[in-house]
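Each chain, written out:
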Amino acid sequence: MNKMKKYAAVLLCAAMLTLTACSDSETTGGNNSKSNSTSSSSSADSSKLTESSKPDDTSNNESSSKNEGDNSSNESSSNSESAESSGNSDSTPTENPDNSGSASDKDFQLMAADGGAVIYKYKGAGGDVVIPSTIQGYKIVGIDEYAFQKCATLTSVVIPDSVKTIGSGAFTECPALKSVSIPSSVTYIDKHTFYKCTALTEIVIPEGVTEIDRNAFYNCSALEKATLPDSLKKIVNNAFSGCDKLVATYKGKTYDFAVVNQDTLFYNAVNGTF
């Protein structure tokens with residue numbers, strides 16, 4: 001009897017142990033499942049947070065691109081306006097205020113020289129020209145050689161007293177030129193200066209001129225009167241060749257070139273060779 005009781009107790013203990021082990025297994029499995037579920041959920045949430053907390057690169061890039069485009073557009077507009085403004089600036093030389101009604105700055109092409117500039121080329125319409133003493137801000141100190149050459153429409157010219165030199169052939173072959181005003185600042189009449197100015201009727205060489213070079217007034221066939229200064233010391237013998245109507249006045253004496261040998265007497269008087 002006692003043996004049977006002991007046996008039954010052993011069976012009961014074994015059953016209880018088995019039941020406890022199964023319960024623990026279910027609990028552990030449930031907990032593990034729950035833990036895995038929680039971990040998975042946490043991982044998903046973490047992934048979602050990371051994704052949502054990322055800056056919107058596309059939006060920012062588009063915004064940045066738009067800003068850059070706007071800046072580029074603004075710069076292009078600014079450059080366009082600048083170019084347009086530059087294009088609209090008035091670079092045309094204005095007329096010299098001291099010579100209203102005379103030649104304008106744009107009629108002259110200049111070349112740099114000591115003390116200012118010289119007229120390199122006249123590009124105007126001709127007529128009665130008063131040369132300004134200042135052109136494009138430069139003091140006019142000279143007229144270059146052949147500057148007015150063959151200006152068929154030039155009828156008269158007034159040279160300012162700022163001019164000190166007149167180059168060779170400066171007014172050569174200006175067929176309509178009738179009168180010239182030369183300032184006392186000029187001391188030398190270069191060769192061919194008024195060569196074949198066939199309409200020129202009178203010339204006054206100012207006091208201060210010391211020399212007239214060869215062919216200076218060659219074949220000025222209409223020239224009737226020339227007044228020479230006492231300061232004149234040298235003249236080349238053919239300076240007035242072809243001026244058959246000329247009556248020249250020098251130091252109170254007149255020399256009529258229409259009379260035989262009068263031209264020679266004139267040259268000799270100037271050069272001191274008589």
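Residues numbered from 1 in each chain as written. Predicted model: local features only at pLDDT ≥ 70, side-chain atom pairs only at ≥ 80, totals over all residues. Heavy atoms only, no water.

> So what about the pattern of salt bridges? Which residues, and what values?
Across all of its chains, the model carries two salt bridges by this definition. A salt bridge links D190 to K191; its shortest N-O distance comes to 3.8 Å. Given the relative accessible area of 13%, D190 is considered buried. The partner of K234 in a salt bridge is E211, with the nearest N and O atoms 3.8 Å apart. With K234 in strand β13 (residues 234-235) and E211 in strand β11 (residues 211-212), this residue pair connects regions lying 23 residues apart in the sequence. (Salt bridge = Lys/Arg side-chain N within 4 Å of Asp/Glu carboxyl O. Buried < 20%, exposed > 50% of the residue type's maximum accessible area, 1.4 Å probe, protein only. Helix = DSSP H or I, 4+ residues; strand = E, 2+ residues; numbered from the N terminus.)

> Report on the side chain of S156, specifying residues and quantitative values.
Mapped onto the secondary structure, S156 falls in strand β6 (residues 154-158). Within the structure, the side chain of S156 is placed 2.8 Å from the side chain of D128, a separation counted as a polar contact. Once residues lying within four places of it in the same chain are set aside, the contact partners of S156 are G127, D128, V129, L177 and S179. (Polar contact = N/O pair within 3.5 Å; in protein donor to acceptor, adjacent residues only side chain to side chain. Contact = heavy atoms within 4.5 Å.)

> Talk me through helix α3 (residues 262-271); I want residue IDs and the actual numbers.
Buried within α3 are the following residues: Q262, F266, Y267, A269 and V270. Projected down its long axis, α3 shows its buried positions confined to an angular sector of 160 degrees, all on one face. In this structure, the buried residues of α3 make contact with β12 (225-228), β13, β14 (247-250) and β15 (253-256). Following α3 by one or two positions, G272 has its phi on the positive side, about 70 degrees. (Arc of directions from axis to C-beta.)

> Tell me about the nonpolar core, and name the residues and values.
Within the largest apolar cluster, 52 residues are counted, with the highest numbers of intra-cluster contacts made by F148, F171, I212, F217, F240 and F266. Contributions of two or more residues to this core are made by β2 (116-122), β5 (138-143), β6, β12, β14 and α3. Setting aside chain neighbours within four positions, we find F217 in contact with I189, F194, L200, I203, I205, I212, L223, A239, F240, S241 and C243. (Core = buried A, V, L, I, M, F, W, Y, C linked by side-chain atoms within 4.5 Å.)

> Provide a residue-level description of unusual backbone geometry, including the pertinent values.
Positive phi, normally seen in glycine, also occurs at Y146, with a value near 60 degrees. Along the chain, Y146 falls in the loop between β5 and β6. Classification of Y146 by relative accessible area gives partly exposed; the value is 33%. The phi angle at N215 is positive, at roughly 55 degrees, despite the residue not being glycine. Its relative accessible area of 14% is what places N215 among the buried residues.

> I'd love a proper account of the sheet that holds β14, names of residues and values included.
In a beta sheet, neighbouring strands pair by backbone hydrogen bonds and run either parallel or antiparallel. As summarised here, the arrangement of the four strands in space is β10-β12-β14-β15, forming an open sheet in which the pairing is mixed. Sheet topology places β10 (202-204) and β15 at the edges, where each strand pairs with a single neighbour. Within this sheet the neighbouring strands show an average axis-to-axis angle of 15 degrees, counted without direction. As judged from the four bridges shared by β14 and β15, these two strands associate in the antiparallel manner. Looking across to β15, one finds that A248 is bridged to Y255. The strands touched by α3 are β12, β14 and β15; relative to β15, the strand with the most contacts, the crossing angle is about 140 degrees. (Pairing = 2+ DSSP bridges. Axes fitted to C-alpha atoms, helices over the stretch in contact; angles between N-to-C directions.)

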